[in-house]
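Here's the letter readout for the chains.
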Amino acid sequence: MGPGQHPAMDLSIHEASIMSSQPGRMSAPISGLSEGFVARVRDVASRCRVAYQFRNCTRVGPCPEVLGRLWVHGGGRVVFGQRVTLDASCAPIEIHAFAGAEIELGDDAVIEGGTSIEAMRSIRIGAGCRVRMHCKIIDGHFHAMDGRRGDLVPAGQVVLEAGVVLGPNSIVVAGHVGEATVVAARVVVTRRVRPNAVIRGFPATTESRRVT
Amino acid sequence: MPTASARVLFAEARELYRLVFADGRAPFTKLQRAMGVARASILFRQVEHGVRVNATGYVRVVARGRIRIGDQVQFFGGMVPTRVVCQVGGELTIDSLSGFNYGVSIDCAQRIHIGKRCMFGSMSSVRDRAEDRSGPVVIEDDVWVAHGAIIEPGVRVGAGSVVAAGSVVFADVPPHSLALGNPAKSVGMDLLRSAAPAGS
């Protein structure tokens, strides 16, 4: 299965087949309307919903897939590549680019629910990345360590190169993760991580380097 | 799909919206603040609370024990509701000017004290009773508990300390230090002053 062929893609056809195989269930079509018509209405409705959810994005590539609630906030630039999957069916996804900041999501990237991406300067997520549930990706600390906590501190940058997998509940604060690195669950990344590595633990250690 | 002219109109409307509400960091409008205070007064109706407690999002409050909340405590909304639970016989005090981001979980069975001007990041959690251990938790003034940090029972976090994002704190944290890791280790803040800023 290629990265663009997520099993839940092409939702309308999928749902239509479920409806025809299980008549009399909750999703049964209203009598008098053909199944094809109902499927088409659903398709249009879901497209409208996705268009509304993408209203604050600067640019979105073709064939995006959104399940559930997607929040795009702030006055910055938000750019999605082709065939991105935003699966917020369990918890909402929050994408927040402050004014002047930039968030880029590469082709075929998958973001799971509960993930929050907040940029004050720049966050780039490469092609084919997978960000699993309840991750937090931010490019700065947002508050001063001591003294006046309300003060904004200068932000760094986040780069996840192509094919990175972020485990559930992991946090990236101004880090640079190399190509195809796997980050385990509950890891906190704050600096540069080499490509093709597997990192786990907090403070994080490189467990192994995959042979490519 | 909308036609080209509709698109242009839509883009212009969006630009206007951005100009007016330029940034998510802009302070809350008076109306939002008033609504937050009103919501808080309903949510915390069974709880002893000070003036101008503000809840811009949903907070689940279970007050079987005694909860005291100081002046101008803020609860921010987000994707996960905040949970403030005090069991029978528990005593939970939150001092004035503390702020809680979304998804914070405070679970009190004996005693939890949160000092003045504390900041709780999203999804952080404090509890004073676990499966294997229990004990009162004291978080002194000006503590910053960052995103996803967990404070375990019997811990005292000193004034002005920072609990780093994702940390799990099992031992006491001295004042003015940074607790980091799982299990968390504390580092003095003066060591960090010479450290490079984020992302370099």
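Each remark here, short or long, concerns the structure printed above.
These numbers were taken from a predicted model, which means no experiment stands behind them. (Residues numbered from 1 in each chain as written. Chains lettered and ligands numbered in written order. Predicted model: local features only at pLDDT ≥ 70, side-chain atom pairs only at ≥ 80, totals over all residues.)

A. Up close: the overall build of chain A. If you tally the helices and strands in chain A, you get two helices and 19 strands. By residue count, 41% of the 212 residues in chain A fall in the buried class. When contacts within chain A are restricted to residue pairs at least 6 apart in sequence, long-range pairs at least 24 apart make up 28% of them. (Helix = DSSP H or I, 4+ residues; strand = E, 2+ residues; numbered from the N terminus. Buried ≥ 20, exposed ≤ 12 C-beta atoms within 10 Å, placed from the backbone. Contact = placed C-beta atoms within 7 Å.)

B. Structural context of the sheet that holds strand β1 (residues 59-60) of chain A. Residue and element names in this part refer to chain A. Taking strand neighbours across the sheet as the criterion, the seven strands line up as β1-β3-β5-β8-β11-β14-β17 in an open arrangement whose pairing is parallel. Strand pairing shows two members of the sheet lacking a second neighbour, β1 and β17 (192-193), which therefore form its edges. When strand β8 (residues 122-125) meets strand β11 (residues 157-160), the two strands line up parallel, connected through four bridges. Residue Ile123 lies in a different strand from β11, and its bridge partner there is Val158. (Pairing = 2+ DSSP bridges.)

C. Main features of the sheet that holds strand β4 (residues 66-69) of chain B. All names here are of chain B. Across the sheet, six strands lie side by side as β1-β4-β7-β10-β13-β16; this open sheet has parallel pairing. Strands with a single pairing partner mark the edges of an open sheet, and in this sheet they are β1 (48-49) and β16 (156-157). Of the strand pairs in this sheet, strand β7 (residues 91-94) and strand β10 (residues 111-114) are connected by four bridges, and their pairing is parallel. From the neighbouring strand, Ile94 faces β10, where its bridge partner is Ile114.

D. Fine view of the interface of chain B and chain A. In this assembly, 24 residues from chain B lie in contact with 31 residues from chain A. Its residues assigned to classes, the side of chain B that touches chain A shows eleven nonpolar, ten polar and three charged. (Nonpolar A, V, L, I, M, F, W, Y, C, P; charged D, E, K, R; others polar.)

E. Summary view of the nonpolar core. Of all hydrophobic cores here, the largest spans 100 residues; its most connected members are Ile103(A), Ile151(B), Val163(B) and Ala164(B). For this core, the element with the most residues is strand β4 (residues 85-97) of chain A, which contributes five residues. Discounting chain neighbours no more than four positions away, the residues touching Ile151(B) are Val126(B), Val137(B), Val145(B), Val157(B), Val163(B) and Val169(B). (Core = buried A, V, L, I, M, F, W, Y, C linked by C-beta atoms within 7 Å.)

F. Representation of the pairing of strand β19 (residues 177-180) of chain B in the model. Residue and element names in this part refer to chain B. With burial as the criterion, each face of β19 is covered, one bearing Ser177 and Ala179 and the other bearing Leu178 and Leu180. Sheet topology note: the strand β17 (residues 162-163)/β19 ladder contains two bridges and is parallel. Across the sheet, Val162 pairs through a bridge with Leu178, a residue of β19. In textbook terms, the turn of a hairpin is the stretch between consecutive antiparallel strands, and for β19 and strand β20 (residues 185-188) this stretch comprises four residues, one of which, Gly181, has a positive phi near 115°.

G. Region of the structure containing the environment of Val177(A). Residue and element names in this part refer to chain A. Relative to the helices and strands, Val177 resides in strand β14 (residues 176-177). The exposure class of Val177 is buried, given the 27 C-beta atoms found within 10 Å. In sequence terms Val177 and Arg121 are 56 residues apart; their C-alpha atoms lie 17 Å from each other. Among residues more than four places away in sequence, those in contact with Val177 are Leu160, Glu161, Val164, Val183, Val189 and Val193.

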